[in-house]
Amino acid sequence: MDLHLFNESIFRRYKSNSQRIRRLSEDWFEEQMYCPACKCDNLESFQNNTPVADFYCPKCMSQFQLKSQSNPFGNRILDGAYSKMIESIHKGDQPHFFLLHYTLNDWSVLNLEVIPNYFFSESIIEKRKPLAPTARRAGWVGCNLLLSRIPEDGRIQTITDSIIHESKEVRTNWLKVSFLKNQKSPSRGWITDIMWCIKDLDKKEFTLDEIYSYKNHLAKLHPLNKNIKPKIRQQLQFLRDKKYLKFLGSGEYQLKKR
């Protein structure tokens, strides 16, 4: 995989740097990236003005959206309309997200990660304030994606600090969390929130009481649920059944090696 984005013909074709980097990153991605969800070694681009996705896999038909920026991705990233994002999550047709971090010093890719769409839930969507009455799209409401609320397993690294991860490793990490794929939106949200709590503990082994300590945090994310502790136990049992966790007995769990 060649990490250099620069393409002289594309660079000359566009005048603004924003257009240049958009086309350079899209061209690089289509040339270099494979599908993380199956064994297909190429992705194809949609026609211009496709509303949501940018690329798709011609084999498994997975869809991907590419977001690129020269600064490292922080705790949140700007996205589109809030209502459309929530609708997409409920329908389950949100594309998978690739986040590409590049450097302008030598026009190369520094980091690239992919977030499977089943890690998208209402818990990670932040509603923004409506645009001012004086704005061209007055009243329009956008959203932010709260990357800090996505569990570590939901941010699959393909390139880290210019080091390329083997495609086999990337696909293995994708497969390890694919048990979420067929879960409906409300269940996915609860499961991934519990996964986040487990990772936040930063311990290989933990107790049920330690997860209970996140009760108030989970109650804020799921205000309609009045039985937080039973819901926590239900999700832990699900993760145990899916071999994500091992139950050690007496309210103790072990996070299996991922």
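The shown structure was predicted, so the numbers you read here are calculated from the model rather than taken from an experiment.

K.L.:
Just checking my understanding: could you explain empty space enclosed by the protein for this structure?
P.N.:
Space left empty within the atom packing is revealed by a probe, the size of a water molecule, rolled over the atoms. Scanning the model with the defined rule gives one cavity of 30 Å³ or more in all. Of the voids in this model, the largest cavity is the one considered here, and its volume is about 30 Å³. Around the largest cavity, the lining residues are Arg149, Asp193, Trp196, His217 and Leu221. Those elements that place two or more of their residues in the lining of the largest cavity are helix 5 (185-201) and helix 7 (215-221).

K.L.:
Whenever I open this one, the pairing of strand 9 (residues 156-160) confuses me. Can you help?
P.N.:
Note on strand geometry: in a regular strand, side chains alternate between the two faces of the sheet. Here three bridges tie strand 6 (residues 108-115) to strand 9, and the two strands are oriented antiparallel to one another. When the bridges of strand 9 are listed, Val114 appears paired with Ile156. Inspection of the sheet shows strand 9 paired to strand 10 (residues 163-164) by two bridges, in the antiparallel sense. Residue pairing across strands places Thr160 opposite Ile163, the latter belonging to strand 10. Linking strand 9 to strand 10, which pair antiparallel, is a turn of two residues; within it Asp161 sits at a positive phi near 50 degrees.

K.L.:
Hey, could you run me through the packing of aromatic side chains in this one?
P.N.:
Aromatic rings in a pair are described by how distant their centres are and how their planes are angled relative to each other. Summed over all chains, the structure comprises 13 aromatic pairs. Geometrically, the ring pair formed by Phe29 and Phe55 is tilted, given 4.8 Å between the ring centres and 45 degrees between the ring planes. Linking Phe29 in helix 2 (residues 17-32) with Phe55 in strand 2 (residues 55-56), this pair joins segments that are 26 residues apart in sequence. The two residues Phe29 and Phe55 agree in class, both being buried. Look at Trp196 and Tyr214: their rings are 6.2 Å apart centre to centre, the planes differ by 85 degrees, and that puts the pair in the edge-to-face class. Separated by 18 residues along the polypeptide, Trp196 in helix 5 and Tyr214 in the loop between helix 6 (208-212) and helix 7 bring together distant segments of the chain. Just as Trp196 is buried, Tyr214 falls in that class too. Put simply, the rings of Phe29, Phe55, Phe64 and Phe98 touch in pairs and so form one group of aromatic residues.

Thresholds, definitions, all that
- Residues numbered from 1 in each chain as written.
- Predicted model: local features only at pLDDT ≥ 70, side-chain atom pairs only at ≥ 80, totals over all residues.
- Heavy atoms only, no water.
- 1 Å grid on protein atoms, 1.4 Å probe; cavity = no way out; pocket = protein on both sides within 12 Å on 5 of 7 lines; lining within 4 Å.
- Points joined across faces, edges and corners; volume = space filled by probe spheres on them.
- Helix = DSSP H or I, 4+ residues; strand = E, 2+ residues; numbered from the N terminus.
- Pairing = 2+ DSSP bridges.
- Phe/Tyr/Trp six-rings, centres within 6.5 Å; stacked < 30°, edge-to-face > 60°.
- Buried < 20%, exposed > 50% of the residue type's maximum accessible area, 1.4 Å probe, protein only.

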